[in-house]
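Read off the chains here:
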Amino acid sequence: MNVFVFYLLAIIASVSAFRVVTARNVFHSALFLVLTLFSIAGIYILLGAEFLAGVQVLIYVGAITILIIFAIMLTHQISNKSIRQTNEQVFPAVLIVLIFFAMSIATLLLTSWPTATAELPSDNVNRIGQLLMTTYVIPFEVISVVLLVALIGAIVISRREKRSGD
Amino acid sequence: MEQLSLYHFLALGAVLFALGIFGLLTRRNAIGVLMAIELLFNAAAINFVAFAKFVDPQGLGGQVFAVFIITVAAAEAAVGLAIVMLIYRNFRGIEVDKINFMKW
Amino acid sequence: MIHNGWLIPLFPLLSFLMIVFFLKKSQKASSYFAIAMVLVSLILSFILFFEMLGEGHAYHKFVSWLSWSDFELPMGIFIDPLTAVMLIVVTIVSSLVHIYSLGYMHGDPRFSRFYAYLSLFTFSMLGLVVAGTYVLILVFWELVGLTSYLLIGFWFEKKIAADAGKKAFVTTKLADLGFLLGLVLLLFAAHTASIPELNELIESGHAPLTLIGIAGILMFMGACGKSAQFPFHVWLPDAMEGPTPVSALIHAATMVAAGVYLTARLMGVIMVSEAMATVVATIGAITAVMAASIGLVQNDIKRILAYSTVSQLGYMIMVLGLGGYTAGSFHLFTHAFFKALLFLGAGSVIHAVHTNNIQEMGGLHGKMKITSITFLIASLSIAGIFPLSGFWSKDEIFAVAYDGGHYFFLAAGMAAAFMTAFYMFRLYFLTFTGAPRDRHAYDHAHESPRNMTIPLIILAVLSVCAGWWGIPWLEHGYGSFVKFGHYAHHAEPKIGLMLASLLVAGSGIGFAYLVYRKRAITAESIVARFRPLYKLLYNKYYFDELYMAAIVNPTYKITEILFRFDQVVIDGIVNGMAKITLWWSWAKERFDTYVIDGAVNGAGYLSLAIGRALRKTQTGQLQTYALVVFIGAVILIFVKFIRI
């Protein structure tokens with residue numbers, strides 16, 4: 001059962017991701033991105049990370065994708081439908097990516113992962129919360145600062161230049 | 001039917017990562033590039049979570065890290081899009097290959 | 001003084017040095033100092049002479065000069081009676097010429113230099129006669145040749161005078177080649193060059209006579225050059241271009257006598273070989289007759305006297321070849337005085353009428369009494385008229401020839417005597433008697449100043465008396481003083497011979513009188529009858545032309561060829577080297593420009609090109625950079641993980 005679900009979600013995610021990077025219309029790209037993110041949330045559930053799935057949907061889909069769509073709308077050019085979306089580097093990029101993919105697969109297959117067969121704790125939300133406040137408290141605080149800086153930065157960057165006169 | 005194993009998830013992560021790289025190298029629209037970068041983040045997160053489940057179930061470090069990844073992705077998207085707005089404001093177009101002023 | 005004879009030449013040397021370094025500026029100082037020095041030498045020579053007369057022994061002293069492993073070449077003096085006589089002759093004539101030149105060379109711009117040369121010459125000649133080895137004689141011989149050149153060409157602005165000096169030097173130098181070869185051969189054969197040693201060697205009979213004989217002939221060749229014997233006589237007539245005092249000193253009394261002196265010294269060598277002695281005598285005889293014959297038809301007063309000198313020297317050489325050591329040196333002694341007188345007298349005449357051509361003179365007796373009378377005395381003496389000095393010396397010569405049975409030479413001598421008398425009186429009559437042919441010159445003529453006439457008078461006295469020393473009836477005359485070994489020195493006086501010579505001389509004078517005074521036979525008619533002979537004589541037997549064609553011109557041709565060779569080949573090589581060097585530097589320049597600069601510039605261009613190429617990588621395209629980064633990452637991973 002799980003396997004079947006996994007393959008289903010995996011295929012959706014892969015195809016959507018493919019469409020994200022190859023869609024002619026950037027808006028379509030964004031929508032396919034939403035689909036991909038949703039699929040990945042499903043994957044997270046399969047992996048027993050329910051909290052993470054929730055966070056994924058809320059933040060990634062709910063905020064980031066909205067942000068992207070906003071940006072698309074704001075930078076929308078009237079007659080951009082005929083402009084091709086891929087640059088001249090397609091061929092070498094394809095090549096190298098395929099090589100990379102082959103290498104990755106080869107690596108992950110050949111490495112003997114130290115797998116453990118223990119079960120995940122059922123109260124993983126609890127545990128994540130605890131971990132955030134104990135073992136990973138410093139990264140947690142730093143991340144907060146990063147978010148703050150990013151917000152301020154984004155505001156400063158996109159402020160209009162001239163105050164007087166306009 | 002086979003059991004779900006680590007390899008499946010890692011393979012999926014590899015696929016998504018490869019696609020993300022492809023998009024990063026290929027898309028003309030700046031926002032398209034940013035979206036490809038989001039794919040990269042997600043692929044990495046999948047890997048982390050997969051490792052959390054199959055390698056160190058008690059530690060859950062992977063899942064915590066995935067949270068961090070998402071946070072960073074958000075910050076990065078915010079700043080990146082702000083820059084794209086600025087570029088749009090100045091050049092009226094956001095084709096990446098047209099923004100090549102620091103060249104020979 | 002005999003022992004210190006080497007001092008005598010040093011006074012004129014001092015004069016030369018003083019004039020050259022200090023006194024040149026003042027004409028008075030130069031001339032007076034020179035005269036003073038030569039008079040000192042004169043006094044010392046007389047002292048030596050009287051000492052020698054009393055003691056009569058030859059003296060020699062040698063010091064070491066050059067020596068190496070088995071060979072010694074000393075230098076030193078050899079003073080014997082002959083030396084004493086020569087010293088007297090040289091110093092007397094030299095002093096008189098020094099005094100005479102005060103008047104003759106007055107006003108010449110190089111007056112001081114003239115006296116310097118005279119002093120140098122006197123030193124050289126005196127050194128020559130006191131020298132004790134043939135090597136040393138050669139040294140002074142060459143010095144004499146040098147000063148002769150300087151004095152003949154004294155007025156070198158005149159090309160003809162400069163050429164004459166060159167001719168004298170080159171001709172005598174050619175003859176001196178013989179002297180040098182002979183000297184070397186002598187040293188090789190006899191291992192000595194000193195006069196007394198050589199004479200002893202020959203006397204002892206241990207000498208390699210053939211070799212010494214050949215050496216002697218060669219050295220005699222040198223004597224022929226200096227004494228203007230056939231065939232080296234060509235320089236003496238040309239040498240008359242020099243000032244007349246020079247002619248008197250050098251070419252009458254002293255330098256030309258050097259050859260005779262050398263031959264006398266070589267007496268021992270010459271007489272060992274019958275053949276060689278004959279050669280010597282023959283050359284002398286030929287010269288005597290030939291020169292006299294040329295003198296018959298010349299018109300230049302000094303030329304006539306020059307040929308006369310050559311002829312008289314021929315007499316001396318001839319008699320030396322016949323063994324007449326005494327007679328030869330005696331004739332040298334007397335000849336010096338009357339010949340010097342003749343030349344100085346000629347100088348006086350030239351000074352008065354400003355021409356050398358006797359055809360333009362005439363009647364000068366009226367204007368220049370002293371000159372005329374002294375000239376007459378000398379002419380009578382040279383013709384051999386009793387009781388003047390020339391008579392006694394010429395007579396000695398005839399006596400030697402007669403005694404030795406050399407009748408051929410006697411006849412030659414007589415013939416020459418006839419001709420001598422004739423040409424001398426031809427000269428006298430045309431110059432001093434008769435009507436003046438050039439009125440203008442005659443009007444301006446005047447007697448010469450006292451410093452010129454006094455030497456004339458002194459010499460005239462000597463021309464009369466000097467010969468009396470050799471009168472054959474004298475017990476202790478010249479003959480007992482100057483003698484060599486066992487050779488005839490005391491000939492029996494032969495009245496017959498004396499009368500014969502007087503007759504010959506008298507007829508010569510008489511014939512001249514007929515032609516040039518009485519005009520009984522005119523000169524022109526004689527010339528017309530013997531025109532070809534006249535031409536031959538007038539052109540001096542074409543000797544100069546012969547030498548020019550046979551020797552001088554070929555030498556010029558060779559010079560030209562060598563010059564051409566030098567121009568083309570040598571200069572060609574040098575220029576070729578220059579061209580090669582230029583080409584090389586051009587090549588290097590090209591190399592430098594293209595290769596070196598090319599390399600340097602090329603490096604620059606290369607950098608630029610690489611830069612230009614490489615900066616294309618800065619595309620400004622973000623995604624290009626990303627691609628490159630990613631490719632690099634893939635490669636790194638590949639390399640790192642390929643070991644799996």
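Remember, predicted model here, so these are calculated numbers, not experimental data.

Enquirer: Looking at this structure, how should I read the overall build of chain A?
Expert: Helix and strand counts for chain A come out as six helices and zero strands. Secondary structure elements of chain A occur, N-terminal to C-terminal, as α-α-α-α-α-α. In chain A, which comprises 166 residues, the share counted as buried stands at 26%. Across chain A, contacts joining residues at least 24 apart in sequence account for 53% of those joining residues at least 6 apart.

Enquirer: What's the story with the interface of chain B and chain A in this structure? I'm lost.
Expert: Much of the literature gives interface size as the accessible area that the parts lose upon coming together. Contact residues are listed per partner, giving 65 residues for chain B and 74 residues for chain A. Among the elements of the structure, α1 (6–26), α2 (30–54) and α3 (61–91) of chain B are those that each provide at least two residues to the side of chain B that touches chain A. Looking at which element gives the most residues to the side of chain B that touches chain A, the answer is α3 of chain B, with 21 residues. Among the residues making up the side of chain B that touches chain A, the classes are represented as 48 nonpolar, 10 polar and seven charged.

Enquirer: Explanation requested: the pairing of strand β1 (residues 59–68) of chain C in the structure shown.
Expert: Along a regular strand, successive side chains alternate from one face of the sheet to the other. All names here are of chain C. For β1, a buried count of zero out of 10 residues is recorded, marking the element as mostly open to its surroundings. Of the pairings in the sheet, the one linking β1 to strand β2 (residues 71–79) comprises nine bridges and is antiparallel in character. The partner of Ser67 across the bridge, within β2, is Glu72. Where β1 folds back onto β2 in an antiparallel hairpin, the turn is made up of two residues.

Enquirer: Teacher, can you tell me more about the packing of helix α2 (residues 27–55) of chain C against helix α4 (residues 111–130) of chain C here?
Expert: Between two packed helices, the angle of one axis relative to the other and the distance separating the axes together describe the packing. Residues and elements named next belong to chain C. Packing of α2 against α4 brings their axes to within 8 Å, and their N-to-C directions diverge by 15°. As far as their axial angle goes, α4 and α2 are roughly parallel. When you trace α2 past α4, the crossing you get is left-handed. Residue-level inspection shows Gln27, Ser30, Ser31, Ala34, Met37, Val38 and Ser41 of α2 in contact with α4, the latter providing Phe111, Ser112, Tyr115, Leu118, Ser119, Thr122 and Leu126.

Enquirer: What's the story with the environment of Ser273 of chain C in this structure? I'm lost.
Expert: Structurally, Ser273 of chain C is set in the loop between α12 (267–271) and α13 (274–295). Each C-alpha atom of the pair Ser273 of chain C and Gly213 of chain C lies 6.7 Å from the other, and the pair is 60 residues apart in sequence.

Enquirer: Whenever I open this one, the nonpolar core confuses me. Can you help?
Expert: With 197 residues, the main nonpolar core has Val93, Ala340 and Leu341 of chain C as its most contacted residues. Contact partners of Leu341 of chain C, with chain neighbours within four places excluded, come to Thr374, Ala378, Leu456, Leu459, Ala460 and Ser463 of chain C.

Enquirer: How do you make sense of the interface of chain C and chain B when you look at a structure like this?
Expert: Residue-level contacts link 11 residues of chain C with 10 residues of chain B. Each residue belonging to the side of chain C that touches chain B can be placed in one class, and the counts come to four nonpolar, five polar and two charged.

Enquirer: For this particular structure, what's the right way to read unusual backbone geometry?
Expert: As a rule of thumb, non-glycine residues mostly have phi less than zero, and peptide bonds are mostly trans rather than cis. All names here are of chain C. Looking along the chain, the bond that leaves Phe230 and enters Pro231 is cis, with omega of -5°. Among the secondary structure elements, Pro231 is positioned in the loop between α8 (209–226) and α9 (235–238). Each neighbour pair has its own omega, and for Phe386 with Pro387 the value is -5°, a cis peptide bond. Position of Pro387 relative to the elements: it lies in the loop between α16 (369–383) and α17 (389–403). Backbone geometry at Ala228 places phi at a positive 55°, although glycine is not the residue there. The backbone of His354 shows a phi angle near 55°, a positive value even though the residue is not glycine. Mapping His354 onto the fold places it in the loop between α15 (325–353) and α16. Residue classification places His354 among the partly exposed positions, given that 13 C-beta atoms sit within 10 Å.

Enquirer: I keep staring at α1 of chain B and nothing clicks. Help me out?
Expert: Because an α-helix packs 3.6 residues into every turn, residues spaced three or four apart end up facing the same way. Over its 21 residues, α1 of chain B extends 30 Å from the first C-alpha to the last, a length consistent with the 30 Å expected when each residue adds 1.5 Å. A large share of α1 of chain B lies buried, amounting to 17 of its 21 residues.

Enquirer: So what exactly am I meant to see when it comes to the confidence of the model for chain A here?
Expert: On average, chain A scores 86 in pLDDT, and the residues at 70 or more come to 90%. Mean pLDDT across the elements of chain A bottoms out in helix α5 (residues 124–133) of chain A (87) and peaks in helix α2 (residues 26–46) of chain A (94).

Enquirer: Can you help me understand the confidence of the model for chain C in this one?
Expert: Segments scoring low in pLDDT should not have their predicted coordinates read at a detailed level. All names here are of chain C. With 96% of its residues at a pLDDT of at least 70, chain C reaches an overall mean of 84. Mean pLDDT values over the elements of chain C span from 68, in helix α21 (residues 478–481), up to 91, in α4. Scoring of the predicted complex yields 0.63 for pTM and 0.90 for ipTM.

What counts as what
- Residues numbered from 1 in each chain as written.
- Chains lettered and ligands numbered in written order.
- Predicted model: local features only at pLDDT ≥ 70, side-chain atom pairs only at ≥ 80, totals over all residues.
- Helix = DSSP H or I, 4+ residues; strand = E, 2+ residues; numbered from the N terminus.
- Buried ≥ 20, exposed ≤ 12 C-beta atoms within 10 Å, placed from the backbone.
- Contact = placed C-beta atoms within 7 Å.
- Nonpolar A, V, L, I, M, F, W, Y, C, P; charged D, E, K, R; others polar.
- Pairing = 2+ DSSP bridges.
- Axes fitted to C-alpha atoms, helices over the stretch in contact; angles between N-to-C directions.
- Parallel < 35°, antiparallel > 145°, perpendicular 65-115°, else oblique.
- Left-handed = near helix turned anticlockwise from the far one by under 90°.
- Core = buried A, V, L, I, M, F, W, Y, C linked by C-beta atoms within 7 Å.
- Expected span 1.5 Å × (residues − 1).
- pLDDT = per-residue confidence, 0-100.

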